[in-house]
Amino acid sequence: MTNPFEPPAELPTERGVFGDHATLITRRFLYRVIHYQRPFTGTLVYSGWWFRQKVEINGVVVWWKVSWLNISPSVSFTVPAEAWHNSQTTTQSTQPATHENEALPSEPIAGRIEIQFTRGLRIRRFRVWFDQQLVYDELA
């Protein structure tokens, strides 16, 4: 089965954010906040500040690494059930009518982030996958 959200192998050199179910909230040096709707509603925070890389989903740290010598361009993690519960609590308090019946995933979700950097450690490309499905693709 092919992924309808996956971009072609070569994207045009235009800048932008690509993702039907994700929205960029904040973009700074080595820092991103992304709100997504699939496979469950939530917010992902990536931070590479202070020699520590960290990925949070709905306030739950799902991956971190001390990066004194190098910054990892590829991050793999598993989204724990407590992040799903945080997502449902947040969603119900903000939008109860639209997402009350939204089913939570039945099995752990594998996540992956790929980052391409420029020479000055600026993020050139930032991509997020959940369960082998591209959710967010930013080309800066």
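Residues numbered from 1 in each chain as written. Predicted model: local features only at pLDDT ≥ 70, side-chain atom pairs only at ≥ 80, totals over all residues. Heavy atoms only, no water.

Chemist: Describe the pairing of strand S4 (residues 42-47), and please don't skip the residues or the numbers.
Modeler: Of all six residues making up S4, five are buried, and the element is well covered by its neighbours. In textbook terms, the turn of a hairpin is the stretch between consecutive antiparallel strands, and for strand S3 (residues 31-36) and S4 this stretch comprises five residues. Here S4 pairs with strand S5 (residues 52-57) via four bridges, running antiparallel. Within S5, the position partnered with Tyr46 by the bridge is Val55. The loop that links S4 with its antiparallel partner S5 comprises four residues; one of these, Trp50, has a positive phi angle of about 55 degrees. (Buried < 20%, exposed > 50% of the residue type's maximum accessible area, 1.4 Å probe, protein only. Helix = DSSP H or I, 4+ residues; strand = E, 2+ residues; numbered from the N terminus. Pairing = 2+ DSSP bridges.)

Chemist: Give a detailed account of the sheet that holds strand S6 (residues 60-66), specifying residues and quantitative values.
Modeler: Pairing is antiparallel in the open sheet, where five strands are placed in the order S2-S3-S4-S5-S6. Lying at the two open borders of the sheet, with one neighbouring strand each, are strand S2 (22-28) and S6. For this sheet, the mean angle separating the axes of adjacent strands, direction not counted, is 10 degrees. (Axes fitted to C-alpha atoms, helices over the stretch in contact; angles between N-to-C directions.)

Chemist: Explain the nonpolar core to me, and be specific about the residues and the numbers.
Modeler: Leu44, Ile57, Phe77 and Phe130 are the most contacted members of the largest nonpolar core, which totals 27 residues. Apart from residues lying up to four places away in sequence, Phe130 is in contact with Tyr36, Arg38, Pro39, Leu44, Ile57, Phe77, Val79, Ile109, Ala110, Gly111 and Val135. (Core = buried A, V, L, I, M, F, W, Y, C linked by side-chain atoms within 4.5 Å. Contact = heavy atoms within 4.5 Å.)

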